[in-house]
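Tertiary structure, described
Okay, here's what each chain looks like letter by letter:
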Amino acid sequence: MKKFDTKVQHLKYKVLREVARHEWNDTLEENIIDLPKSIIPGNIPTMRCCVYKERAILSERIKLAMGGDKTNPNVIEVINIACDECPVGGYEVTDVCRGCLAHRCEDVCPKDAFTFDENHVARIDKSKCINCGLCATACPFNAIINRIRPCQNACKINAISVDDDFSAKIDNDSCTACGACVYQCPFGAISDKSYILDLVRLLKKSSEQGSNIKVYAVVAPTVSSQFTYAKLGQVVTGLKKLGFCNVTEAALGADMVAQAESKELAEKGFITSSCCPAFVAYIEKNFPDLKQYISHNLSPMATVSKYIKDHDENAKVVFIGPCTAKKAEIKKEEVSKYVDIAITFEELQALFDSRDIDITSLEEGTLDNASYFGRIFARCGGLSEAVAQGLKEQGFDDFELKPISCDGIEACRTALLKKSKNLLDANFIEGMACVGGCIGGAGCLTHSPKNKSHIESHSKQSIEKTISSAIEKYSN
């Protein structure tokens, strides 16, 4: 069975699994030095030039699995020793160049950066090149390419640069923790910090005799597109075997948000969504004048977590989803009091296997809290549909909804730019930093084209057909 898209994800998973396994058994501290050898045994390198470098990198991965650099506020970190194989980047002339007579590359270059050798083959003077790309567009042979690093190409907000040692460097003031670079780095040199140890310790503490702690799992609706080798109900049962007292859909929080956000929209006339933490961070960092329009509602994760804690003073809440930015969101003052820990689906798989829980062998539990509209928050466009339904159910028939669903941070930028210039013909911006929405999150096990259909199928199976009925049922 295929659980992950890439070998990089599988390596990350193995580290998380072994760190968690030792923590369950109270053997982590005594085995920490030998962990790299247990993860990659033997003396033959499998990925790098030598086994010693492999183990040195593994040691850094283990640190990230144990919470990473406590002095770095960002949840995304660079493993410098692993980041040494990518070209620095920039436009280069390849051997496809035919030494033609037209020299269109030279004609369009605004900085006179082109020279030609004795065979008329083009050369680019890097000291003059400004990476405008005009030459690549003009070349009839497509002989000029931009060797941009995968992480830089993935980061659409230009938060990644190259440090003096040629490793990737993240600008924390710009980074929104979306994790696009994490998923796209082919060496796994960029990763998100894990709080899996905090979760294992919390679950162990809740299981102690006399403990009154109850640990709730709040699961993102994207879960229906993950763990497809098993049934969704088996995932629910697996969570309870890990020690969670209850499993609640974050989609129920989405129902609550859709109801409140549609009312807020009708009252204010224009708002931007607050569900995607990376989108919210992008506005705060790049469009501060538009912060006033961000919905005042908490995200679905925080909303349903608040409800849980309001009704159970002994509750500890753990969010499980596809999003690395959620790990940053729970550090916010207005959210941290409701959500204690956030992990990804990658980490949940590692947790199952650290306890040798084969979810395919379990009976099916139930996950039927939310409505169709709450569940479709997982894909781009779902929030706008849910807001439309919220307006309808609350009688705001005279309000004309004109939404724009932004699929990926580049689309978000375009919409926000138009709004900043009063050129946007819309009154609601649904912002999703990841392409496709949450189903494209960096913490997913897989990023299959089928994920959207899985979400749609799961949503249609909802017992509650309206937002208000889902909220009412849960409240009772």
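Rules of the game
Residues numbered from 1 in each chain as written. Predicted model: local features only at pLDDT ≥ 70, side-chain atom pairs only at ≥ 80, totals over all residues. Heavy atoms only, no water. 1 Å grid on protein atoms, 1.4 Å probe; cavity = no way out; pocket = protein on both sides within 12 Å on 5 of 7 lines; lining within 4 Å. Points joined across faces, edges and corners; volume = space filled by probe spheres on them. Helix = DSSP H or I, 4+ residues; strand = E, 2+ residues; numbered from the N terminus. Nonpolar A, V, L, I, M, F, W, Y, C, P; charged D, E, K, R; others polar. Buried < 20%, exposed > 50% of the residue type's maximum accessible area, 1.4 Å probe, protein only. Pairing = 2+ DSSP bridges. Phe/Tyr/Trp six-rings, centres within 6.5 Å; stacked < 30°, edge-to-face > 60°. Lys NZ or Arg CZ within 6 Å of the ring centre and 35° of its normal. Contact = heavy atoms within 4.5 Å. Salt bridge = Lys/Arg side-chain N within 4 Å of Asp/Glu carboxyl O. Axes fitted to C-alpha atoms, helices over the stretch in contact; angles between N-to-C directions. Parallel < 35°, antiparallel > 145°, perpendicular 65-115°, else oblique. Left-handed = near helix turned anticlockwise from the far one by under 90°.

1. Focus: empty space enclosed by the protein
Unfilled space is identified by rolling a water-sized probe across the atoms. A complete count under the given rule lists 6 cavities of 30 Å³ or more for this structure. In this structure, the largest cavity is lined by 26 residues; those nearest its centre are Cys275, Cys276, Lys326, Phe377 and Cys438. Broken down by secondary-structure element, the contributors of at least two residues to the lining of the largest cavity are helix H11 (250–268), helix H12 (277–286), helix H13 (300–311) and helix H14 (325–329). Classifying every residue of the lining of the largest cavity by side-chain character gives 22 nonpolar, 3 polar and 1 charged. In this model, the second largest cavity occupies a volume close to 220 Å³. Along its surface, the second largest cavity is lined by 20 residues, and Val8, Lys12, Arg61, Ser191 and Asp192 are the ones closest to its centre. If you list the elements that add at least two residues to the lining of the second largest cavity, you get helix H1 (7–24), helix H4 (51–65), helix H8 (180–184) and strand S8 (190–192). Sorting elements by how many residues they give to the lining of the second largest cavity places H1 first, with 5 residues.

2. Regarding the pairing of strand S12 (residues 315–321)
Counting buried positions along S12 gives 6 out of 7 residues, so the element sits mostly inside the fold. With 6 bridges connecting them, strand S9 (residues 214–219) and S12 associate as parallel partners. What sits directly across from Lys214, in S12, is Ala315. With 4 bridges connecting them, S12 and strand S13 (residues 341–344) associate as parallel partners. Within S13, the position partnered with Val318 by the bridge is Ile341.

3. Considerations on the packing of aromatic side chains
For the structure shown, the criterion picks out 7 aromatic pairs. Pairing Phe4 with Tyr13 gives two aromatic rings, centres 5.1 Å apart and planes at 40°, and the pair type is tilted. Here Phe4 falls in the buried class, since its relative accessible area comes to 7%. When its relative accessible area of 7% is taken as the criterion, Tyr13 is described as buried. Judged by centre distance (5.2 Å) and plane angle (50°), the rings of Tyr307 and Tyr474 are tilted. You can see Tyr307 sitting in helix H13 and its partner Tyr474 sitting in helix H21 (residues 467–475), a full 167 residues away along the chain. Relative accessible area serves as the criterion here: at 17%, Tyr307 is assigned to the buried category. Pairwise contacts between aromatic rings join Phe227, Phe345 and Phe352 into one cluster. Positioned above the aromatic ring of Tyr229, the side-chain terminus of Lys3 is 5.1 Å from the ring centre.

4. Considerations on the environment of Lys156
Secondary-structure assignment places Lys156 in the loop between helix H7 (150–154) and strand S6 (160–162). The partly exposed category is assigned to Lys156, whose relative accessible area is 32%. With residues up to four places along the chain from it excluded, the contact list for Lys156 reads Ile409, Glu410 and Arg413.

5. What to know about the pattern of salt bridges
Oppositely charged side chains are able to pair whenever their charged atoms sit close together. Applying the stated criterion across every chain yields a total of 26 salt bridges. We note a salt bridge from Lys327 to Glu347, for which the minimum N-O separation is 3.2 Å. On the criterion of sequence distance, the pair formed by Lys327 in helix H14 and Glu347 in helix H16 (residues 345–354) is long-range, its members being 20 residues apart. Neither Lys327 nor Glu347 differs from the other in exposure class; each is buried. When salt bridges that share partners are traced, they join Lys12, Asp192, Lys327, Glu346 and Glu347 into one network.

6. A closer look at the packing of helix H9 (residues 196–206) against H16
Following both chains from N to C, one finds H9 and H16 inclined at 45°, their axes separated by 11 Å at the closest point. Looking at the two axes, H9 sits oblique to H16. Here the hand of the crossing between H9 and H16 comes out right-handed. Side by side, H9 and H16 meet where Ile196, Leu199 and Val200 of the first sit next to Glu347, Ala350 and Leu351 of the second. Looking at the contact of H9 with H16, its residues break down into 5 nonpolar, no polar and 1 charged.

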